[in-house]
Amino acid sequence: MGFVPALDRNAGGVYQYSATMMDALATIAKQDTSLELVALVPDGVAGRHAEFEAKGWRVVPVSAPAGNVRGALRRIVGEGPHRDAWRWWRRRLERRAAPAVSGRSNASLITRGDLGAWWRAQGIELVIFPQPHPWSFQAGVPSIVAIHDLQHRLQPEFPEVSADGEWERREYLFRNCAAHATAILVDSEVGRNHVRLFYGAYGASDDRLHVLPFLPASTMPRHVSEAARAAVRQRHGIPDAYIFYPAQFWTHKNHARVIEALEQIRNNHGIEIPAVFCGSHAGAARERHFELLMSMAARCGVADQIKILGFVSDDELAALYAGARALVMPTFFGPTNIPVLEAWAMGCPVLTSDIEGVREQAGNAALLVDPRRVDEIAGGILRMWNDEELRRTLSARGTERLASYGPADFHARLREALRSARSAIHA
């Protein structure tokens, strides 16, 4: 069985989900000796090979087949600001050459027969993708694909899922994944309903949809000493009390209304609440939005209350959760979100959005607010800041909710998805 991991640590939830799934599969393979694990990784990440091999994975380079022109170009292009132009060109190429499928026909698809032949030569009969990926339908090898959200269908007003051809790129990708995947993983019943609604006509039938709820990131430690928390605060110049929001700087993450809420609290109550933001703003779109947010913070008079950390290590992330008064996450996107689980794992009370999917995930273990209303966000932050009993109650409920679904449950559900996919392959 092959696995195409998400290797960019700046990718946030997708990277964490990928790492958690790799660890789970390694555990499953120890119990099922018929399962050999193969990590399919690019040549350029040879430094990760030892890490994967130590966990029981055989590593196979993806770019080994001759004629992988785009893979070679990608290595030539390298990293840097020019990668945005490269990604735009690649997306344009894929859209022009491969329009969205009609039913299960793959007549218009770009195919990667070389890739499929290489994988089969390695003995691979099934490949898992922790996020939608064109290889899942281009290589012609049976696949399991995780579809995390369909926000381009649900909320196309957000530019990150619709602007500059992004809507068409996502639709092409998700529709083909739905049409050709042997099995599809979703994170919740709400997610299952969304995939069935939009892609049921393309093959996303109930028997191919498997609900696999997220776990807190397996890469993040679960226990952080007070000394370690203090060391992180000192290193970054963070006060003892603060609210925390780890998120990349996309529009849908709703940092703007958090900034406006801080202004409202300062003006109406005379309280200056420090906020710590961490997450990437790399790439043209995120950089533009980040600059707008910083200008807004200055206009609102709260720039001195906000600490921007950028990317942080898993150890620092855990310490920041553990030391925060609350996770404040008024996102517009779901259906579920990993930071909520991470906060619960670290005993951090949660404020998040009263939207479909998120409210089902949080239940009574979070303070829910309308992400469109600054006054509700401000009121929620103020309650979390002042009410120690509320924080204790929400923290305890989060611990209880997290205990109701753990690694053993994740492994069992993933094992069932594997069984179903392998049965379909050999039927």
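In this text the structure is predicted, and so the values were computed from the model without any measurement. (Residues numbered from 1 in each chain as written. Predicted model: local features only at pLDDT ≥ 70, side-chain atom pairs only at ≥ 80, totals over all residues. Heavy atoms only, no water.)

Turning our attention to the packing of helix 14 (residues 338-345) against helix 17 (residues 388-403). At a closest axis distance of 8 Å, the pairing of helix 14 and helix 17 adopts a crossing angle of 110°. Taken together, the axes of helix 14 and helix 17 are roughly perpendicular relative to one another. Considering only the axes of helix 14 and helix 17, their crossing is left-handed. Every residue of helix 17 that contacts helix 14 at L341, W344 and A345 is listed here: G398, T399, R401 and L402. Classifying every residue of the contact of helix 14 with helix 17 gives four nonpolar, two polar and one charged. (Axes fitted to C-alpha atoms, helices over the stretch in contact; angles between N-to-C directions. Helix = DSSP H or I, 4+ residues; strand = E, 2+ residues; numbered from the N terminus. Parallel < 35°, antiparallel > 145°, perpendicular 65-115°, else oblique. Left-handed = near helix turned anticlockwise from the far one by under 90°. Contact = heavy atoms within 4.5 Å. Nonpolar A, V, L, I, M, F, W, Y, C, P; charged D, E, K, R; others polar.)

This brings us to the sheet that holds strand 5 (residues 143-146). Spatially, seven strands are ordered 3-2-1-4-5-6-7 in an open sheet, and the strand pairing comes out parallel. At either end of the open sheet lies a strand with only one pairing partner, and these are strand 3 (58-61) and strand 7 (209-211). The pairing of strand 6 (residues 183-186) with strand 7 spans three bridges and is parallel. For V186, the partnering residue across the bridge sits in strand 7 and is V211. (Pairing = 2+ DSSP bridges.)

The subject of this paragraph is empty space enclosed by the protein. Enumeration according to the criterion identifies one cavity of 30 Å³ or more in this entry. Of the volumes computed, that of the largest cavity is approximately 40 Å³. Lining the largest cavity we find I147, H148, D149, L150, D187, G191, H194, V195 and P335. Taken together, the residues of the lining of the largest cavity sort by class into four nonpolar, three polar and two charged. (1 Å grid on protein atoms, 1.4 Å probe; cavity = no way out; pocket = protein on both sides within 12 Å on 5 of 7 lines; lining within 4 Å. Points joined across faces, edges and corners; volume = space filled by probe spheres on them.)

So, on to the sheet that holds strand 13 (residues 367-369). Ordered by their spatial adjacency, six strands build an open sheet running 10-9-8-11-12-13, and the pairing between neighbours is parallel. A single partner strand is all that each edge strand has here, and the edge strands are strand 10 (306-308) and strand 13. Neighbour-to-neighbour, the strand axes of this sheet turn through a mean angle of 25°, independent of strand direction. Relative to strand 9 (residues 275-278), strand 8 (residues 243-246) runs parallel, the two sharing four bridges. The residue bridging Y245 from the neighbouring strand is F277, located in strand 9. The strands touched by helix 11 (residues 255-269) within the sheet are strand 8, strand 9, strand 10 and strand 11 (326-329), with strand 9 carrying the most contacts at an inclination of about 165°. Each of strand 8, strand 11, strand 12 (350-353) and strand 13 is contacted by helix 16 (residues 374-386), which is oriented at about 165° to strand 13, the strand it contacts most.

On to unusual backbone geometry, then. A cis geometry characterises the amide bond from G334 onward to P335, with omega recorded as 10°. Position of P335 among the secondary structure elements: in the loop between strand 11 and helix 14. Positive phi is not limited to glycine here, since D164 has a value of about 55°. Position of D164 among the secondary structure elements: in the loop between helix 7 (151-154) and helix 8 (166-180). Note on D164: relative accessible area 67%, which makes it exposed. We note that N254 has phi near 70°; this positive angle belongs to a residue other than glycine. Positionally, N254 belongs in the loop between strand 8 and helix 11. Relative accessible area serves as the criterion here: at 1%, N254 is assigned to the buried category. (Buried < 20%, exposed > 50% of the residue type's maximum accessible area, 1.4 Å probe, protein only.)

Right, let's get into the pattern of salt bridges. Tallying each qualifying case throughout the model produces 22 salt bridges. In this structure, the salt-bridge partner of R175 is E171, at a minimum N-O distance of 2.6 Å. Placement of both R175 and E171 in helix 8 is noted, with a separation of four residues, approximately one turn of the helix. Per residue, the accessibility class of R175 equals that of E171, and both read buried. E416 is paired through a salt bridge with R419; the nearest N and O atoms lie 2.7 Å apart. Of this pair, E416 and R419 both sit in helix 18 (residues 407-426), three residues apart, which is roughly one turn of the helix. Residues participating in the shared-partner salt-bridge network are E226, R229, R233 and D240. (Salt bridge = Lys/Arg side-chain N within 4 Å of Asp/Glu carboxyl O.)

These results come straight from atomic positions and should not be treated as a statement about function.
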